[in-house]
Amino acid sequence: MAVTAVAALLAALGGALWLAARRFVGPSVQRLHRGGDSGLMHGKTVLITGANSGLGRATAAELLRLGARVIMGCRDRTRAEEAAGQLRREICQAGGPELGPDSGGAGELVVKELDLASLRSVRSFCQEVLQEEPRLDVLINNAGIFQCPYMKTEDGFEMQFGVNHLGHFLLTNLLLGLLKSSAPSRIVVVTSKLYKYGDINFEDLNSEQNYNKSFCYSRSKLANILFTRELARRLEGTNVTVNVLHPGMVRTNLGRHIHIPLLVKPLFNLVSWAFFKSPLEGAQTSIYLASSPEVEGVSGKYFGDCKEEELLPKAMDESVAGKLWDVSEVMVGILK
Ligand SMILES: NC(=O)c1ccc[n+]([C@@H]2O[C@H](COP(=O)([O-])OP(=O)(O)OC[C@H]3O[C@@H](n4cnc5c(N)ncnc54)[C@H](OP(=O)(O)O)[C@@H]3O)[C@@H](O)[C@H]2O)c1
Ligand SMILES: *[C@@H]1O[C@H](CO)[C@@H](O)[C@H](O)[C@H]1NC(C)=O
Ligand SMILES: *[C@@H]1O[C@H](CO)[C@@H](O)[C@H](O)[C@H]1NC(C)=O
């Protein structure tokens with residue numbers, strides 16, 4: 001009896017130690033290349049959707065530190081102003097008196113309202129950006145919603161397809177003129193490895209016949225990749241590039257719709273603490289694609305951990321990508 005209890009205790013201890021060791025010598029930590037480079041993004045304007053939380057917030061913090069003017073496109077002004085205030089304070093503390101918004105070291109933060117679940121909101125957001133911003137150097141389509149219960153957007157689209165794909169589709173199209181006139185400029189799209197489990201079922205894009213929340217998330221993330229590849233083709237010769245990335249598994253608020261039983265929660269927290277990336281680690285590829293000279297001129301590619309990766313054939317299907325583009329134009333009402 002006592003022997004098994006001691007053995008179990010030792011095993012648990014060993015496991016926890018192993019997890020901790022993994023956490024601190026794991027490969028994800030080494031991927032952080034911070035420091036130096038401040039001023040790399042000076043004079044550049046970057047727009048990030050969903051910049052108040054998780055990966056978007058970490059991406060905003062770093063690009064701000066590199067000197068960019070960062071526009072946070074967020075659906076909730078209160079949450080966004082709160083995040084912006086925190087980011088400004090962090091920058092001031094990290095940089096001391098010689099950094100900060102007034103010195104020309106760190107950049108500038110601007111909050112604007114953008115609800116990707118409303119085409120009306122996307123349109124008025126873009127109108128404001130086009131009126132107020134003389135240039136746009138980087139657009140980061142980052143906002144996302146994950147495995148929510150069945151819901152529809154203001155315009156009647158299934159929520160995950162509507163926010164993750166269609167809202168960003170309209171946003172990007174409306175800002176394309178400004179991106180072209182600011183060239184060389186970049187578009188960065190955040191997808192997920194889970195795209196593998198999706199398909200573009202053109203006969204039921206709003207999932208009215210049957211709703212599977214995992215399938216719909218995967219479908220929206222496959223759409224992000226097909227969109228990137230079709231757009232890269234359309235942008236050839238313009239000096240506007242577009243690339244797509246997966247961040248890996250990251251501790252963010254993305255799982256808000258997933259209910260984990262109370263008893264399992266501590267175990268889940270331990271596992272996510274050991275195996276998931278921090279938001280700043282997860283944001284490295286977004287930051288890289290938005291700012292690194294290494295990817296100047298590179299377009300239509302899929303990245304993970306700041307390196308190009310291979311896609312499954314279904315994500316490279318040009319005819320599906322072309323058809324999705326046409327159908328999306330009709331759905332958001334920009335058919336010329
Ligand atoms: N975390 C991961 O492990 C992981 C893995 C693969 C891919 N990703 C992708 O990474 C991206 C960022 O997610 P995250 O992990 O950072 O999650 P997060 O912390 O939940 O952040 C998502 C952001 O998207 C915003 N958003 C949601 N619906 C919106 C809408 N209708 N209009 C405007 N903004 C909206 C959220 O705003 P509110 O705060 O107001 O809700 C939030 O700012 C997503 O595209 C996700 O698919 C994440
Ligand atoms: C829902 O979709 C996922 C991913 O496509 C699939 O693995 C799963 O079997 C589906 N669930 C049901 C109940 O059909
Ligand atoms: C793209 O950039 C190259 C090199 O800077 C320049 O020569 C070319 O004119 C640019 N093309 C367009 C369409 O802006």
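As named in an unreviewed UniProt entry, the protein is Retinol dehydrogenase 14, taken from Physeter macrocephalus. Within the UniProt record for the protein, the comment given under Sequence similarities (unreviewed entry) is "Belongs to the short-chain dehydrogenases/reductases (SDR) family."

## Some remarks on a nonpolar patch on the surface
Taken together, the side chains of Leu 263, Val 264, Leu 267, Leu 270, Val 271, Trp 273 and Phe 275 make up a nonpolar region of the molecular surface, amounting to roughly 630 Å² of accessible area. Looking at the element boundaries, Val 271 is found in helix 8 (residues 265-275). Its relative accessible area of 32% is what places Val 271 among the partly exposed residues.

## Thoughts on the site of ligand 1
Around ligand 1 lies a shell of 28 residues, among which Ser 53, Arg 75, Arg 79, Tyr 217 and Thr 252 are the nearest. A distance of 2.9 Å separates a nitrogen atom of ligand 1 from a polar atom in the backbone of Leu 116. Against a free-state accessible area of 910 Å², the protein chains account for coverage of 96% of ligand 1. At the level of secondary structure, the elements contributing two or more residues to the shell around ligand 1 comprise helix 3 (54-65) and helix 7 (213-234).

## A word on the pattern of salt bridges
Side chains that differ in charge, positive against negative, can pair when their charged atoms come close. Applying the stated criterion to the full structure yields 16 salt bridges. Between Glu 90 and Arg 57 there is a salt bridge, with its nearest N and O atoms 3.3 Å apart. In this pair, Glu 90 sits in helix 4 (residues 77-95) while Arg 57 sits in helix 3, placing the two residues 33 residues apart along the sequence. By relative accessible area, Arg 57 is classed as buried at 19%. In this structure, Lys 277 and Asp 305 form a salt bridge, with 2.8 Å as the shortest nitrogen-oxygen distance.

## Some points on the sheet that holds strand 8 (residues 307-308)
Across the sheet, eight strands lie side by side as 3-2-1-4-5-6-7-8; this open sheet has mixed pairing. Each edge of the open sheet is held by one strand with a lone partner, namely strand 3 (108-113) and strand 8. Here strand 4 (residues 138-141) pairs with strand 5 (residues 185-190) via four bridges, running parallel. When the sheet's bridge partners are listed, Ile 140 is paired in strand 5 with Val 188. Relative to strand 4, helix 6 (residues 159-181) is tilted by about 175°, and along the sheet it contacts strand 1 (45-49), strand 4, strand 5 and strand 6 (240-246).

## Some details on the environment of Arg 120
Looking at the secondary structure, you find Arg 120 in helix 5 (residues 119-132). Spatially, the C-alpha atoms of Arg 120 and Glu 154 are 8.7 Å apart, while their sequence positions differ by 34 residues. There is a polar contact of 3.0 Å between the side chain of Arg 120 and the side chain of Glu 154.

## Looking at empty space enclosed by the protein
Counted under the stated rule, the structure contains two cavities of 30 Å³ or more. Every residue along the wall of the largest cavity is listed here: Asn 141, Ala 143, Asn 164, His 165, His 168, Phe 169, Val 189, Val 190, Lys 221, Asn 224 and Phe 227. Within the residue set of the lining of the largest cavity, elements represented by two or more residues are helix 6, strand 5 and helix 7. For the lining of the largest cavity, a count of residues per class yields five nonpolar, five polar and one charged. Volume-wise, the second largest cavity comes out at about 30 Å³. If you trace the second largest cavity, you find it lined by His 165, Phe 169, Leu 226, Phe 227, Ala 321, Leu 324, Trp 325 and Ser 328. Those elements giving two or more residues to the lining of the second largest cavity turn out to be helix 6, helix 7 and helix 11 (318-332). Looking at side-chain class alone, the lining of the second largest cavity contains six nonpolar, two polar and no charged residues.

## Some remarks on the nonpolar core
Core analysis: the largest hydrophobic core is formed by 52 residues, its most contacted members being Leu 171, Leu 175, Leu 179, Ile 187 and Leu 231. Take this core: its biggest share by element is eleven residues, from helix 6. Among all residues touching Ile 187, those that are not within four sequence positions of it are Leu 139, Asn 141, Thr 172, Leu 176, Leu 179, Leu 231, Leu 235, Val 240, Thr 241, Val 242 and Asn 243. Membership of the second largest hydrophobic core comes to 37 residues, among which are Cys 74, Ile 91, Val 111 and Tyr 288.

What counts and how
- Residues numbered from 1 in each chain as written.
- Chains lettered and ligands numbered in written order.
- Predicted model: local features only at pLDDT ≥ 70, side-chain atom pairs only at ≥ 80, totals over all residues.
- Heavy atoms only, no water.
- UniProt positions renumbered as here; feature names shortened; annotations may be inferred.
- Patch = residues over 30% accessible without salt bridge, like charges linked within 9 Å, V, L, I, M, F, W, Y side chains within 5 Å.
- Areas by Shrake-Rupley, 256 points an atom, 1.4 Å probe, with all protein chains shown as cover.
- Salt bridge = Lys/Arg side-chain N within 4 Å of Asp/Glu carboxyl O.
- Helix = DSSP H or I, 4+ residues; strand = E, 2+ residues; numbered from the N terminus.
- Buried < 20%, exposed > 50% of the residue type's maximum accessible area, 1.4 Å probe, protein only.
- Near = heavy atom within 4 Å.
- Polar contact = N/O pair within 3.5 Å; in protein donor to acceptor, adjacent residues only side chain to side chain.
- Pairing = 2+ DSSP bridges.
- Contact = heavy atoms within 4.5 Å.
- Axes fitted to C-alpha atoms, helices over the stretch in contact; angles between N-to-C directions.
- 1 Å grid on protein atoms, 1.4 Å probe; cavity = no way out; pocket = protein on both sides within 12 Å on 5 of 7 lines; lining within 4 Å.
- Points joined across faces, edges and corners; volume = space filled by probe spheres on them.
- Nonpolar A, V, L, I, M, F, W, Y, C, P; charged D, E, K, R; others polar.
- Core = buried A, V, L, I, M, F, W, Y, C linked by side-chain atoms within 4.5 Å.

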